Amino acid sequence: MSTLPTEKGHTASPSSSLSRILHRVPKAVVVVLLFSLVLVLTVGILAMLPETPRVPVAAVVVIDAGHGAHDPGAIVAGVQEKDVNLSLSLRIQSKAESLTNIQVILTRTTDTYPSLLERLALAEAVGARLYVSIHANYYSDSRICGVETWIDSNAGAESLRLAREVQRALVAATGAADRGVQRQTLYLRHTSLPTALVEVGYLSCPVERTKLLDPAYQERIAAGILAGILSFLDR
Ligand SMILES: [Zn+2]
């Protein structure tokens, strides 16, 4: 059975009257009208939605527990620096868990030894905003006590600012002697990230060694370092 060919767009369906109207209107006008309708509906729907709270993007921060495994760092009176460094790093991560604007990633969470370049590579791989290495100090003169923060001798302005913020906050949190920010040649030069190495106290200083083993004092150190990092990120 043959049917008569109809003009394109014309059928005998119930919508034929609408089609006839649309056919008389120039196509460009139809497109503009439909586009306007979609736009109005979209704006209307968006206006009805509840305002979504603005969640700041969490800054990824890498904390490095210095030494590990076969490399104990300083050993004084049976205390191994690597263990103090790890305990402090875990405390910093734990403290940051309740904060939404910062995510702490550790280079090691147990007694392992990632190489120094592996530690920096991790920080770069996770898109870290900064890198802070945690250490405890040693000196042959047991009268030397206090906190110092190191940056590489070629470190830029951001590393210096990071080191100053961490040093200031750590001294404020612990009441330890302020031995300032110091420069020397460090492996930290192998990254362009803001980096600092914190010496939280001297294991060779008997009074400080006792404090460094005290969980309450470790909490103050962790809070101080975290506060310094947050101050750095705040600007
Ligand atoms: Zn060390």
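Refer to the structure presented above.
Below or above, wherever it landed, is the structure these notes cover.

So, how was this worked out
- Residues numbered from 1 in each chain as written.
- Predicted model: local features only at pLDDT ≥ 70, side-chain atom pairs only at ≥ 80, totals over all residues.
- Helix = DSSP H or I, 4+ residues; strand = E, 2+ residues; numbered from the N terminus.
- Buried ≥ 20, exposed ≤ 12 C-beta atoms within 10 Å, placed from the backbone.
- Contact = placed C-beta atoms within 7 Å.
- Core = buried A, V, L, I, M, F, W, Y, C linked by C-beta atoms within 7 Å.
- Pairing = 2+ DSSP bridges.
- Axes fitted to C-alpha atoms, helices over the stretch in contact; angles between N-to-C directions.
- Left-handed = near helix turned anticlockwise from the far one by under 90°.
- Nonpolar A, V, L, I, M, F, W, Y, C, P; charged D, E, K, R; others polar.
- Parallel < 35°, antiparallel > 145°, perpendicular 65-115°, else oblique.
- Expected span 1.5 Å × (residues − 1).

Quick look at the overall build of the protein
For the protein, the helix and strand inventory stands at seven helices and eight strands. Going through the 235 residues of the protein one by one, you find that 34% of them count as buried. Considering only contacts within the protein whose residues lie at least 6 apart along the sequence, 79% involve residues at least 24 apart.

Here's the deal with the nonpolar core
Val-132, Val-166, Leu-170, Ala-196, Val-198, Val-200 and Ile-225 are the most contacted members of the largest nonpolar core, which has 47 residues in total. Listed by contribution, the elements that provide at least two residues to this core are strand S1 (59–65), helix H3 (81–96), helix H4 (116–125), strand S5 (130–137), strand S6 (147–152), helix H5 (157–174), strand S8 (195–202) and helix H7 (215–233). For Ile-225, the contacting residues outside a window of four places in its chain are Ile-92, Val-132, Val-166, Leu-170 and Val-198.

A few points about the sheet that holds S8
The strand order S4-S1-S5-S8-S6-S7 describes an open sheet built from six strands, whose pairing is mixed. The sheet is open, and its two borders are formed by strand S4 (102–106) and strand S7 (178–184), each paired with just one other strand. Strand-to-strand twist across the sheet, computed as the mean angle between neighbouring axes with direction ignored, equals 25 degrees.

Structural notes on the packing of H5 against H7
One way to put it is that H5 packs onto H7 with a least axis distance of 7 Å and a crossing angle of 145 degrees. Crossing hand, H5 versus H7: right-handed. The residues of H7 that touch H5, namely those facing Arg-161, Leu-162, Glu-165, Val-166, Arg-168, Ala-169, Leu-170, Ala-172, Ala-173 and Thr-174, are Arg-220, Ile-221, Ala-223, Gly-224, Ile-225, Ala-227, Gly-228, Ile-229, Ser-231 and Phe-232. Classifying every residue of the contact of H5 with H7 by side-chain character gives 12 nonpolar, four polar and four charged.

Structural notes on the pairing of S7
Bridge count for S6 against S7 is five bridges, and the pairing is parallel. Bridge pairing in S7 links Thr-149 to Val-181.

Structural notes on the packing of H3 against H7
Contact pair H3 / H7: the axes reach a minimum separation of 9 Å and the direction vectors enclose 60 degrees. With respect to H7, the element H3 is oriented oblique. Considering only the axes of H3 and H7, their crossing is right-handed. Across the interface between the two elements, Ser-87, Leu-88, Arg-91, Ile-92, Lys-95 and Ala-96 of H3 pack against Gln-218, Glu-219, Ile-221, Ala-222, Ala-223, Ile-225 and Leu-226 of H7. Taken together, the residues of the contact of H3 with H7 break down into eight nonpolar, two polar and three charged.

Let's talk about unusual backbone geometry
Even without being glycine, His-67 reaches a positive phi, approximately 65 degrees. By the element assignment, His-67 lies in the loop between S1 and strand S2 (75–76). In this structure His-67 comes out as buried when scored by C-beta crowding, with 24 C-beta atoms within 10 Å. Positive phi values are uncommon outside glycine, yet Ala-69 reaches one of about 50 degrees. Relative to the helices and strands, Ala-69 is located in the loop between S1 and S2. Look at Ala-69 and you get exposed, because 12 C-beta atoms sit within 10 Å.

Examining H5
Between the first and last C-alpha of H5 there are 26 Å, a value that for 18 residues agrees with the 26 Å anticipated at 1.5 Å per step. Residues of H5 that are buried: Ser-159, Leu-162, Ala-163, Glu-165, Val-166, Gln-167, Ala-169, Leu-170, Val-171, Ala-173 and Thr-174. Tucked into the core, H5 has its buried residues touching S5, S6, S7, S8 and H7. Just beyond H5, the residue with positive phi is Gly-175, at close to 75 degrees.

Things to note about H7
In a regular helix each residue adds 1.5 Å, so 19 residues correspond to 27 Å; H7 covers 27 Å between its end C-alpha atoms and thus fits that length. Turning to H7, its buried residues number three or more, namely Ile-221, Ala-222, Gly-224, Ile-225, Leu-226, Gly-228, Ile-229 and Phe-232. Elements in contact with the buried residues of H7: S1, H3, S5, H5 and S8.

Quick notes on the environment of Val-171
As for its placement among the helices and strands, Val-171 is situated in helix H5. Judged by local crowding, Val-171 falls into the buried class, with 20 C-beta atoms found within 10 Å. Here the alpha-carbon distance between Val-171 and Val-200, two residues 29 residues apart in the chain, equals 9.1 Å. Those residues in contact with Val-171 that lie beyond four places of it in its chain are Val-147, Ala-176 and Asp-178.

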